[in-house]
Amino acid sequence: MPGVGHVIPHTPLAIDFWYVRKCPGTRLFFLSHMHSDHTMGLTSTWSNRPIYCSPTTARLLRLKLQVKEKWIHPLEVGEPSLLPLDDIGKERLTVTLIDANHCPGAVMFLFEGYFGSILYTGDFRYSPSMLREPCLRANTTIDVLYLDTTNCDPNRTLPSRQQATQQIKEIIRGYPNHDVVIGLYTLGKETLLVELAIEFQTWIEVTFERIETLKVLELPDVFTTDRGAGRIRVVNRSGVCRAAVDKWNQEQPTLAILPTSRPLVSLHPMHVVPYSDHSSYQELEEFVFALKPTSLVPIVGNCVPGSLSALIPGKKRHEILVPQSVQRYMLRESESLLRSTAYTRHYYRHVRPLSPKGVVFEQESAEGEMDTENSENDSDCILVTCENDSDCILVT
């Protein structure tokens, strides 16, 4: 599936997943942060389903994607919130947002309900202070940990962001007569820029598009769109290449810096500094060891190194009882989407001209029908066993 989002099995929940027709039973959608790989499929036409996120992400969501206000539901970070899981007010979940230490607005989600406790990290940079969060400190057993495995390489170490920032400062000090160009994505590493502005007493030059984002974030007034006003300039990450650096140096001695954990080669005057907003492998080990989740699901890719999965205690996850009111809640939306899909296919099958003129494009094959069969059960719950369910336990 596109993107890095997930639909949580046996629940009406999805995180960073925006393809509604692929998850017709999902009713509550959560956005961890505004990086494009986590918003893939989310557009200004989004409707009929609430999006839960942090207040900062809510502001960025309105600015960047123009999602209608009525569908955006910001939740306060660190405060448990109760959300309905059915139409009759019988089942609810508790969700707590935890600062993910990644980019502005980024959060982890702790879900607690009939399914147990699920922690979804999204993209995050581990800090020991996370373990002191009240919702994680209260002897909470994490049944499923969805883990950011971006830097899941046991053989690679990463400096802390403070160490990487110091390294960038030393590089700049070594070239006192050079302008500095820093290649960044559209969101993230703003604290690094503020530190550099203060350290070198200079304005940070940015584009008009980036300044709009920075205004939403309410950062210190160290940014400007005036070309030539400051020594340090921010450009899009893709705009930093050898040809561009050579061109800049024809005008003025210029130093290019790429703060990234990707294994790129530094070529003077381009400097790659391992500044990462994702946890190192060693930090992931510390995090998993402290939480001791029952099962672990990687968010990036589908493999977890054996040394990390060995930290899972090997407990059997409890059986999930899916209340019938939740089943009806999910099934109702599934049937509605299927009726809409069936009508659309019927319409185009019978209304489209049979002999189109001009250029004829090969028709894409239609998606397979979703299975909506639901066995009748007189009890209030449906029993789901996760022992052999690969959607529930993905430790390898």
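Below you will find a few notes about this structure. (Residues numbered from 1 in each chain as written. Predicted model: local features only at pLDDT ≥ 70, side-chain atom pairs only at ≥ 80, totals over all residues. Heavy atoms only, no water.)

### A look at the overall build of the protein
Link 1 in the chain: From N to C terminus, the protein includes nine helices and 19 strands.
Link 2 in the chain: Residues counted as buried form 50% of the 396 residues belonging to the protein.
Link 3 in the chain: About 20,100 Å² of surface is accessible on the protein, with carbon and sulfur atoms providing 51% of the total. (Helix = DSSP H or I, 4+ residues; strand = E, 2+ residues; numbered from the N terminus. Buried < 20%, exposed > 50% of the residue type's maximum accessible area, 1.4 Å probe, protein only. Areas by Shrake-Rupley, 256 points an atom, 1.4 Å probe, with all protein chains shown as cover.)

### As for helix α3 (residues 161-173)
Link 1 in the chain: An ideal rise of 1.5 Å per residue puts 18 Å on 13 residues; α3 measures up with 18 Å between its terminal C-alpha atoms.
Link 2 in the chain: Within the sequence span of α3, burial applies to R161, A164, T165, I168, K169, I171 and I172. Summarising the axial view, the buried residues of α3 lie within an arc of 160 degrees, below the 170-degree limit, and thus occupy one face. (Expected span 1.5 Å × (residues − 1). Arc of directions from axis to C-beta.)

### Focus: the sheet that holds strand β8 (residues 107-113)
Link 1 in the chain: Strand order in the open sheet made by the six strands is β6-β7-β8-β9-β10-β17, with mixed pairing throughout. In this open sheet, the two strands that pair with only one neighbour each are β6 (81-84) and β17 (295-298). Here the average twist between neighbouring strands, direction ignored, is 20 degrees.
Link 2 in the chain: As defined by bridge partners, strand β7 (residues 92-99) adjoins β8 across six bridges and the pair is classed as antiparallel. Residue pairing for β8: T94 is matched across the bridge by E112. (Pairing = 2+ DSSP bridges. Axes fitted to C-alpha atoms, helices over the stretch in contact; angles between N-to-C directions.)

### A word on the sheet that holds strand β1 (residues 6-7)
Link 1 in the chain: If you walk across this open sheet you meet the five strands as β1-β2-β3-β4-β5, and the pairing is mixed. Across the chains shown, the open sheet's two edge strands, defined by having one partner strand only, are β1 and β5 (72-74).
Link 2 in the chain: Here strand β4 (residues 51-53) runs beside β5; their pairing, made up of three bridges, is parallel. Paired with C53 across the bridge in β5 is P74.
Link 3 in the chain: Across the sheet, helix α1 (residues 55-65) is in contact with β4 and β5; its angle to β5 comes to roughly 155 degrees. (Contact = heavy atoms within 4.5 Å.)

### A closer look at the pattern of salt bridges
Link 1 in the chain: The tally for this structure, following the rule as stated, stands at 11 salt bridges.
Link 2 in the chain: For D277, the salt bridge is made with K189, and the minimal N-O distance between the two is 3.3 Å. Note that D277 is positioned in the loop between β16 (270-273) and α7 (281-291) and K189 in the loop between β11 (179-184) and α4 (190-200), a separation of 88 residues in sequence.
Link 3 in the chain: Owing to a relative accessible area of 6%, D277 belongs among the buried residues under this scheme.
Link 4 in the chain: R227 is the partner of E205 in a salt bridge, and the nearest nitrogen-oxygen pair spans 3.8 Å. Placement of E205 in strand β12 (residues 204-205) and of R227 in the loop between β13 (223-224) and β14 (232-236) is noted, with a sequence separation of 22 residues between them.
Link 5 in the chain: Owing to a relative accessible area of 4%, E205 belongs among the buried residues under this scheme.
Link 6 in the chain: In this structure R227 comes out as exposed when scored by relative accessible area, which is 61%.
Link 7 in the chain: Members of the salt-bridge network, linked through shared partners, are K169, E170, R173, E195 and E199. (Salt bridge = Lys/Arg side-chain N within 4 Å of Asp/Glu carboxyl O.)

### Observations regarding the packing of α1 against helix α5 (residues 208-217)
Link 1 in the chain: As a packed pair, α1 and α5 sit with axes 10 Å apart at the nearest point and diverge in direction by 150 degrees. With respect to α5, the element α1 is oriented roughly antiparallel. As α1 packs across α5, the resulting crossing turns out to be right-handed. Across the interface between the two elements, T56, R59, L60, L63 and K64 of α1 pack against E209, E212, T213, V216 and L217 of α5.
Link 2 in the chain: Per-class residue counts for the contact of α1 with α5 are four nonpolar, two polar and four charged. (Parallel < 35°, antiparallel > 145°, perpendicular 65-115°, else oblique. Left-handed = near helix turned anticlockwise from the far one by under 90°. Nonpolar A, V, L, I, M, F, W, Y, C, P; charged D, E, K, R; others polar.)

### Examining the nonpolar core
Link 1 in the chain: Counting residues in each nonpolar core, the largest one holds 46 residues, and the members touching the most others are W46, L119, F124, L145, L147 and F287.
Link 2 in the chain: Broken down by secondary-structure element, the contributors of at least two residues to this core are β4, α1, β8, α2 (134-137), β10 (144-147), α5 and α7.
Link 3 in the chain: Here this core takes five residues from α7, the largest share from any one element.
Link 4 in the chain: Those residues in contact with L119, other than ones at most four positions away along the chain, are I98, M108, F109, L110, L136, I142, V144, L145, Y146, F287 and L291.
Link 5 in the chain: By size, the runner-up hydrophobic cluster in this structure holds 29 residues, among which are L13, V95, L97 and Y146. (Core = buried A, V, L, I, M, F, W, Y, C linked by side-chain atoms within 4.5 Å.)

### Digging into unusual backbone geometry
Link 1 in the chain: Positive phi is not limited to glycine here, since N48 has a value of about 75 degrees.
Link 2 in the chain: Locating N48 in the fold gives a position in the loop between β3 (28-30) and β4.
Link 3 in the chain: Residue E218 is not a glycine yet carries a positive backbone phi of 55 degrees.
Link 4 in the chain: For E218, the location among the structural elements is in the loop between α5 and β13.

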